[in-house]
Amino acid sequence: MEPFTRLTAVAAPMDLPNIDTDRVIPARFLRQPREAGFGPLLFHDVRFDAGGAPKPDFVLNHPAYRDAKILVTAENFGCGSSREMAVWALMDYGIRVVIGPSFGDIFLENCFKNGALAVVLPAGVAAGLRRVLEERPGTTLTVDLESQTITGTAGEAIRFEIDAFRRHGLLTGQDEVEMTLAWLPAIEAFEARRRDEMPWLG
Amino acid sequence: MVSQPLTMFEKIWRRHVVAEGPGGQALLYVDRHLLHEGSTHALARLERKGRPVRRPEACLATADHYVSTEPGAVVPTEPGASPIADPEIRAMVADLGRHSRRLGITFFGRGEPRQGIVHVIGPEQGATQPGITLVCGDSHTATHGAFGALACGIGSTEVEHVLATQCLWQRRPKVMRITVTGARPFGVMAKDVILAIIARLGAGGGVGHAIEYAGPVIRAMSMDERMTVCNMSIEAGARAGMVAPDETTFAYLEGRPLAPRGEMWPRAVAFWRTVPSDADAVFDRDVTLDAAALAPTVTWGTSPQDALPITGHVPDPSTVGDPARRASMERALAYMALTPGAPLAGTPVSRVFIGSCTNSRLEDLRAAAAVAKGRRAAVPAWVVPGSGQIKRAAEAEGLARVFTEAGFEWREPGCSMCVGMNGDTAAAGERVASTSNRNFEGRQGRGARTHLMSPAMAAAAAITGCLTDVRTLGR
Ligand code: SF4
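On a predicted model such as this, the values are computed, not experimentally measured, just so you know. (Residues numbered from 1 in each chain as written. Chains lettered and ligands numbered in written order. Predicted model: local features only at pLDDT ≥ 70, side-chain atom pairs only at ≥ 80, totals over all residues. Heavy atoms only, no water.)

**With respect to the packing of aromatic side chains**
The full count for this structure, using the stated rule, is 15 aromatic pairs over all chains. Relative to Trp 169 of chain B, the ring of Trp 183 of chain A lies with its centre 5.0 Å away and its plane at 70°, an arrangement referred to as edge-to-face. Of this pair, Trp 183 of chain A sits in the loop between helix H7 (176-181) and helix H8 (184-197) while Trp 169 of chain B is found in strand S8 (residues 167-171), placing the two residues in two different chains. On the basis of relative accessible area, Trp 169 of chain B is assigned to the buried category, the value being 0%. Ring geometry for Trp 265 of chain B and Trp 272 of chain B: centres 5.5 Å apart, planes at 85°, overall edge-to-face. The same class applies to Trp 265 of chain B and to Trp 272 of chain B, which are both buried. Within the aromatic cluster, the residues linked to one another by ring pairs are Phe 43, Phe 58, Phe 77, Phe 103 and Phe 107 of chain A. Across the ring face of Tyr 252 of chain B, the terminal group of Arg 256 of chain B is positioned such that the distance to the ring centre comes to 3.8 Å. Across the ring face of Trp 382 of chain B, the terminal group of Arg 411 of chain B is positioned such that the distance to the ring centre comes to 3.5 Å. (Phe/Tyr/Trp six-rings, centres within 6.5 Å; stacked < 30°, edge-to-face > 60°. Helix = DSSP H or I, 4+ residues; strand = E, 2+ residues; numbered from the N terminus. Buried < 20%, exposed > 50% of the residue type's maximum accessible area, 1.4 Å probe, protein only. Lys NZ or Arg CZ within 6 Å of the ring centre and 35° of its normal.)

**Focus on the pattern of salt bridges**
Under the counting rule described, the total for this entry stands at 49 salt bridges over all chains. A salt bridge links Glu 197 of chain A to Arg 15 of chain B; the shortest N-O distance between them is 2.9 Å. Residue Glu 197 of chain A is located in helix H8, and its partner Arg 15 of chain B is located in helix H1 (residues 8-16); the two belong to separate chains. Note on Glu 197 of chain A: relative accessible area 39%, which makes it partly exposed. A relative accessible area of 34% means that Arg 15 of chain B is categorised as partly exposed. One connected set of salt bridges, linked through shared partners, spans Glu 109, Lys 113, Asp 163, Arg 166 and Glu 176 of chain A together with Arg 171 of chain B. (Salt bridge = Lys/Arg side-chain N within 4 Å of Asp/Glu carboxyl O.)

**A look at the packing of helix H3 (residues 85-93) of chain A against helix H4 (residues 105-113) of chain A**
Residue and element names in this part refer to chain A. For the pair H3 and H4, interaxial distance at closest approach is 9 Å and the crossing angle is 50°. Classified by the angle their axes make, H3 and H4 are oblique. By crossing handedness, the relation of H3 to H4 is classed as right-handed. Residues Ala 86, Val 87 and Leu 90 of H3 pack against Phe 107, Asn 110 and Cys 111 of H4. The class makeup of the residues in the contact of H3 with H4 is five nonpolar, one polar and no charged. (Axes fitted to C-alpha atoms, helices over the stretch in contact; angles between N-to-C directions. Parallel < 35°, antiparallel > 145°, perpendicular 65-115°, else oblique. Left-handed = near helix turned anticlockwise from the far one by under 90°. Contact = heavy atoms within 4.5 Å. Nonpolar A, V, L, I, M, F, W, Y, C, P; charged D, E, K, R; others polar.)

**Comments concerning the nonpolar core**
With 119 residues, the main nonpolar core has Phe 43, Leu 60 and Leu 117 of chain A together with Phe 408 of chain B as its most contacted residues. Ranked by residue count, the leading element in this core is helix H15 (residues 455-464) of chain B, at eight residues. If sequence neighbours within four positions are ignored, Leu 60 of chain A has contacts with Ala 12, Leu 42, Phe 43, Tyr 65, Arg 66, Ala 68, Leu 71, Tyr 93 and Ile 95 of chain A. One finds Val 118, Ile 197, Ala 238 and Phe 283 of chain B within the second-largest nonpolar core, a separate group that totals 72 residues. (Core = buried A, V, L, I, M, F, W, Y, C linked by side-chain atoms within 4.5 Å.)

**Considering the site of the ligand**
The full set of residues close to the ligand is His 65, His 119, Asp 138, His 140, Ser 356, Cys 357, Cys 415, Cys 418, Val 419, Asn 437 and Arg 443 of chain B. Of the residues that constitute the shell around the ligand, the class distribution is four nonpolar, five polar and two charged. (Near = heavy atom within 4 Å.)

No statement about biological role is implied by the geometric values presented.
Structure below.
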């Protein structure tokens, strides 16, 4: 996994709440291998019309937001299906940071497991940020994981919280399986105990 | 010393912590891992890295998302003879079989009598049990919480991690109790109860929570009904949904192939009796719902939270103050082609889908058949049983005959039209009365419009060709 420390890029706002992962990437595209690349499929059915032409009203089709690498969303972005291809599609498109008031739990986890940063901000702060991006399309933000700040708006730096485990994982890009296997003796001890306490589980 | 009263969630969590990590994360041991075709991405990565699977015997795999449910379709073992026309879809199913054989994981492919939807076959085989942790790379894994298990849907990287380590890093969620009181009126099924709960909480209302469903209405439910309720926990954003195990749970499990047997059975039951929340356990949030006030429910929008009684009307966005909510309602109504203020009942539908991990079990099929019996479907209507076992049971008790005589199509088990990924899709502009769990834009096919409802309500829609209050068709 590629480490993440800091990103300066155009940010695009998405105002609708409850954008589900079926909308991020429709189910019919999930069967291709990871290597095939999911970027062109991102938001496919709202980004392109039935003939494959870009829909002018979709935010990422607006010239000012086309190169966005940061998405600022509304409540519960990434709800619904557990499909990790939603994160793959975002990352393959170039989006490495999503900022919003809340995210679907599984989507949030999938972000961190792939080296994408999901930043949870208070609803009012996220809404304020989206307003800035709408008023000044093409605004560039800097998201710094080390200092846990977002800068680039006229106002003060926005500080964000992130748990130490996820922060460390992103900063180091560590392989989580390798890390967990360091606990192998504890896992084996657990299994031995479980065989005594719940032998019917095998 | 008086020990502190604990919730069921807390008891299961504590029992499964292998190690505490930084930032409130815990390494949890996973007792059971269910796999389907979507898990092949993770299996392929493991193979590439040359990593072994820690406990293949804790895994159970089935083909469901991508199999054809065409009547009579079986996937022959001969390559090239498969009825699945699309080579990529065929490869997904074949790949799961290959990995399962390679790793020694039990696999139910099409043609295997126990094949079916992953959240149907886990309980059916007795793999799902009280007090365990269970994961699956699918968001509806909360279904298994109906047995008093901690069951979570996970992503593909986490599937790989569980296969390699039999553990999962988890942040402790908050715990919410939803108590359903009163008595369900005639015509109100488990599906109506959970749709009403999601409408109350909102699509994000359960984010960061595990839900325990409690109260007399839940206690009186069968296992099939409890599974319907827990199944849709994710539609309120919750990470897990659970019901305390009781005599209903034990009676369901006894004698199932993977359930404890012989002298293990009484030991397991004795343990399972300790799983429910202690009487004075404290929850982070408590919600109460009166079932007596419920009616058969349908969704009108593109989020499962957009649910109303069938006696209601399409809501009017212009009456909503919050601009974000108004914009999303307007968008949903445009997608659904519905007019504000119009009565929901009477909205014509193009087709009906009875199936999915929410409502494809024997009791669901019985409820639909009771409505269909002696009547005739006015629009194309599919019935897709959740598993081979359910299909055979429904045939044995005459339900399949009822459906086919009423002009419904009786199909092979699988996810089918719940999700537009396997060839079973609705066309753009078609309006579907569906017993599945998601009415998202494009969920059943690009441009398809989904109304979620109970199996009885879906059967009623098939008979009349429009959204219908099943109570008006009589008992
Ligand atoms: S039936 Fe639908 S919701 Fe359930 S596992 Fe299959 S695709 Fe997912």
